[in-house]
Structure formats: structure tokens, C-alpha cells
Amino acid sequence: MRRLLLSNDDGVYAPGLKALHDALEAHAKLRVVAPDRDRSGASNSLTLSRPLSLTALENGFYSVDGTPADCVYLGVNGVWDERPDLVISGINHGGNLGDDVLYSGTVAAAMEGRNLGMIAIAMSLCGDRYFDTAAKVASSLIGAADQLSLPPRTLLNVNVPDVPWEAIKGVKVTRLGYRGPAEKPLAIEDPRGRTRYWIAPVAANADDGEDTDFAAIEAGYVSITPLQTDLTRHPACCDVQDWLDAFA
């Protein structure tokens, strides 16, 4: 039976993680390792300044007092004798579209699985109601995972519209869109008169063309975006070299 590692960034008690587990438990051997609290926005950070605690819970899940990447690192790398065949992160409460992938702990958990040699999928629901819809999407993808052939160092970022299963119009392979510049933080005053700052909500879409993840979700389609971790802007290398040569 296929072995799957499930994790997330919303925390070990999040409804999306339970929905994912319940949808897959009849089809695979599951191991669940997730943060002990909400770690949304943790991105790819690892905890290096202290040891981590891995705690077994009554429902068979394991919680970690660390980041999503910590959880997958422990779940894959040496705590158990058997390595998983595939890592699934989610189901996230809220979409991870466009630039969100740079900050997302959901995507980071999948990325850590990819870094450790696993096939990895990040699952997000673009809302907070129909986790069962996203769970059905995950189940269908896992059922066909053996036929999936990806280039090395690739993971799948899957976003699901927050609608009933019957309302899903289909699945589209997409590219990442882009959001506009971030808004200014919101300044507030705490009870002791000190100024504090809330990070502002995400900005409006700057690129939501018809082939983007934004457009697919808006039209009622599941969006699947293959992601890579090579951030090199290859076409700019010659420009930078020419700029450096000018100083020689």
C-alpha cells in the first residue's frame, strides 16, 4: 500500500488536514505530522536554534513545535524506518495563488518533501467551506499519482474553488499570476500606548491572464501549477554580465 506523509501550515487540529486524512485513509498508509499551532506564512524556514518536540496525539497524528518544513523533515528523514512515497500538504484554509507561494507554509511543506526526494503536492481551498471538495480532488490526484512523471525538483501547487463538488467545472494546468505591490501596514496602538503593525491584506491582482491560477479559480476550475525552486532569472544573466564587463 502506498505510504503518504500529510502535513500543513494551519496546525495539526485544522479542519482541512482532517478532511484530507479522512479522504485518503482508505487508499493509503498515512502518517500525519503537522505544526502544533497555526504557522501560516512561515515559508521555508527551519528551526535551527533549539531542538524540536514530536508529540503523538490521541487521534494518531503527530504535532511538532516548529514550522511546516520542520514537520516534513522529521516525517521523512529518520524518525521512522519507512520513508513515505509522497508528501501532501494541506488542505490549506485559503488559496495559495501567484506570489502567495513565496510566503506559504503549505507550499513550503511540499517543497521540503521535494527537497528530500519525494513527489510532493500542495493542496489549498480558496475559502473555508467546502473542504470535502478539495479532499475529493486530492483523492483523485493520488489515485493517478503512479502515472505522474515530473522533471526533477518539481512540485504541484493545487488550488480548488470553494464550491460544492458538483460545481467544479474541470481542471486546468496554469502558471502563477502576480499580485500588485503590497499595501502599507496597518498601525495600531496597544493598551500601553505603543505602536504596533498589522501586515496589510494581499494587494489586487496585477497579472491574472486567462492562463493563470487566478483566472482558473475565478472561472470555477481547479488550478494545478507545476513549481520549481530554481529562482534564477536566466535571460538576465547576459545583461548582468555585460553590466559587470563595463567595469573591467
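Residues numbered from 1 in each chain as written. Predicted model: local features only at pLDDT ≥ 70, side-chain atom pairs only at ≥ 80, totals over all residues. Heavy atoms only, no water.

## Examining the overall build of the protein
- Of the regular secondary structure elements, the protein holds six helices and 13 strands.
- A compact globule built from 248 residues should have a C-alpha radius of gyration of about 18 Å, and the protein, at 19 Å, falls within 12% of that.
- Viewed in the frame of its principal axes, the protein has a C-alpha envelope of about 60 × 55 × 45 Å.
- Across the 248 residues in the protein, those meeting the buried criterion constitute 44%.
- Restricting the contact set of the protein to residue pairs at least 6 apart, pairs at least 24 apart contribute 75%.
- As displayed, the protein has an accessible area near 13,600 Å², and 54% of this comes from carbon and sulfur atoms. (Helix = DSSP H or I, 4+ residues; strand = E, 2+ residues; numbered from the N terminus. Rg over C-alpha atoms; globule rule 2.2 N^0.38 Å. Buried < 20%, exposed > 50% of the residue type's maximum accessible area, 1.4 Å probe, protein only. Contact = heavy atoms within 4.5 Å. Areas by Shrake-Rupley, 256 points an atom, 1.4 Å probe, with all protein chains shown as cover.)

## Regarding helix H2 (residues 68-76)
- Of all nine residues that make up H2, eight are buried, and the element is covered over most of its length.
- Pro68, Ala69, Asp70, Cys71, Val72, Leu74, Gly75 and Val76 are the residues of H2 that are buried.
- In this structure, the buried side of H2 is in contact with strand S1 (3-7), strand S2 (29-35), strand S4 (62-64), strand S5 (86-93) and helix H3 (105-115).

## Regarding the packing of aromatic side chains
- Summed over all chains, the structure comprises two aromatic pairs.
- A centroid spacing of 5.0 Å and a plane angle of 75 degrees characterise the contact between tyrosine 62 and tryptophan 80, whose relative ring orientation is edge-to-face. One end of the pair, tyrosine 62, is in strand S4; the other, tryptophan 80, is in the loop between H2 and S5, and 18 residues separate them in sequence.
- The exposure class of tryptophan 80 is partly exposed, given its relative accessible area of 21%.
- Arranged with centres 5.6 Å apart and planes meeting at 90 degrees, the rings of tryptophan 243 and phenylalanine 247 form a pair that is edge-to-face. Side by side, tryptophan 243 and phenylalanine 247 carry an identical accessibility label, which is exposed. (Phe/Tyr/Trp six-rings, centres within 6.5 Å; stacked < 30°, edge-to-face > 60°.)

## Topic: the side chain of histidine 21
- Tracing the chain through its elements places histidine 21 in helix H1 (residues 15-24).
- Apart from the residues within four sequence positions on either side, histidine 21 is in contact with Leu6, Leu30, Val32 and Phe61.

## Focus on the pairing of strand S11 (residues 195-198)
- Pairing analysis gives four bridges linking strand S10 (residues 186-189) to S11, with the strands arranged antiparallel. Note on S11: the bridge partner recorded for alanine 187 is tyrosine 197.
- The turn linking S10 back onto S11 is made up of five residues, and glycine 193 within it adopts a positive phi angle of 80 degrees. (Pairing = 2+ DSSP bridges.)

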